[in-house]
Amino acid sequence: KDGVIEAVKLLRKDGNVAYAEPDFKVRAIGAPNDPLFTQQYALNNNGQTGGKEDADIDAVEAWDISTGEDSDIILAIIDTGIDYLHPDLAGNIWTNPGEIPGNGIDDDANGYIDDVYGYDFAYDDNDPMDVYGHGTHCSGIAAGRGNDNTGICGVSWGAKLMGVKFLDDGGSGWTSDAIDA
């Protein structure tokens, strides 16, 4: 990859070359096959809910460039937690590579014991499971698996989701917990 970029830079400096760019492999994605996608008017608004057509974030157009399949991207969802067992999210849940689950030890020395999926600052424990639902909803918008014929799709189909819970099971929380999160 780096060699290709360097070659393109050299070609662009050559006076005999009008234009040079890498030969990227591209594919048309169009709309995903997730059954509830047509209800996601913020991603692709065709007036389906009586709203203004094309008043959306142009997700379909962006997906023709990239669907966000880079699993190196980690999104910390600071909210009511994440239902990390949810079928549209489970494949994108971040797991702490420095933690050994269930051993009661802070393996990565970050101050949190067994923080495998993130941390729960509302209840000061290692389980950021979402009971209220808001964090799961936000997670789905951000990075629900797309084109998997399940539920909805998120903006970035492959980003990893870290659950950072500071709002309790009733949806309330303290600023101090938000700061810690």
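Provided above is the structure to which this section pertains.
Remember, predicted model here, so these are calculated numbers, not experimental data.

S.K.: Whenever I open this one, the overall build of the protein confuses me. Can you help?
M.R.: Counting secondary structure elements, the protein contains four helices and three strands. Shown N-terminal to C-terminal, the secondary structure of the protein runs as helices and strands in the order α-α-β-β-α-β-α. For the protein, the C-alpha radius of gyration of 21 Å lies well beyond 16 Å, the compact-globule estimate for 181 residues. On the principal axes, the C-alpha backbone points of the protein span a range of 65 × 50 × 30 Å. Taken over 181 residues, the protein has a buried fraction of 33%. Looking at the protein alone, contacts between residues at least 24 apart form 60% of all its contacts between residues at least 6 apart. For the protein, the exposed area adds up to about 10,700 Å²; of that, 55% sits on carbon and sulfur atoms. With 10 positive and 34 negative side-chain charges, the protein shows a spacing of 14 Å between the two charge centroids.

S.K.: What's the story with the pattern of salt bridges in this structure? I'm lost.
M.R.: Two side chains carrying opposite charge are able to pair once their charged atoms lie near each other. In this structure the tally under the stated criterion is four salt bridges. When the shortest N-O distance is used, the salt bridge between Arg 145 and Glu 69 registers 3.7 Å. Here Arg 145 is found in the loop between helix H3 (134–143) and strand E3 (160–165), whereas its partner Glu 69 is found in the loop between helix H2 (59–63) and strand E1 (74–79), with 76 residues between them in sequence. By relative accessible area, which is 25% here, Arg 145 ends up partly exposed. As a salt-bridge pair, Lys 165 and Asp 120 come within 3.9 Å of each other at their nearest N and O atoms. Here Lys 165, found in strand E3, pairs with Asp 120, found in strand E2 (residues 118–120); they are 45 residues apart in sequence, far enough to count as distant. Like Asp 120, Lys 165 is buried. Within this structure, Asp 120, Lys 165 and Asp 169 form a network of salt bridges that share partners.

S.K.: Please explain H3 as it appears in this structure.
M.R.: One turn of an α-helix holds 3.6 residues; hence residues three or four places apart share an orientation. Of all the residues in H3, the buried ones are Gly 135, Thr 136, Ser 139, Gly 140 and Ala 143. Across the axial projection of H3, the buried residues extend over an arc of 140 degrees, all falling on one side. Contact partners of the buried residues in H3: E1 and E3.

Conventions used here
Residues numbered from 1 in each chain as written. Predicted model: local features only at pLDDT ≥ 70, side-chain atom pairs only at ≥ 80, totals over all residues. Heavy atoms only, no water. Helix = DSSP H or I, 4+ residues; strand = E, 2+ residues; numbered from the N terminus. Rg over C-alpha atoms; globule rule 2.2 N^0.38 Å. Buried < 20%, exposed > 50% of the residue type's maximum accessible area, 1.4 Å probe, protein only. Contact = heavy atoms within 4.5 Å. Areas by Shrake-Rupley, 256 points an atom, 1.4 Å probe, with all protein chains shown as cover. Lys, Arg positive; Asp, Glu negative; His and termini not counted. Charge placed at Lys NZ, Arg CZ, Asp CG, Glu CD. Salt bridge = Lys/Arg side-chain N within 4 Å of Asp/Glu carboxyl O. Arc of directions from axis to C-beta.

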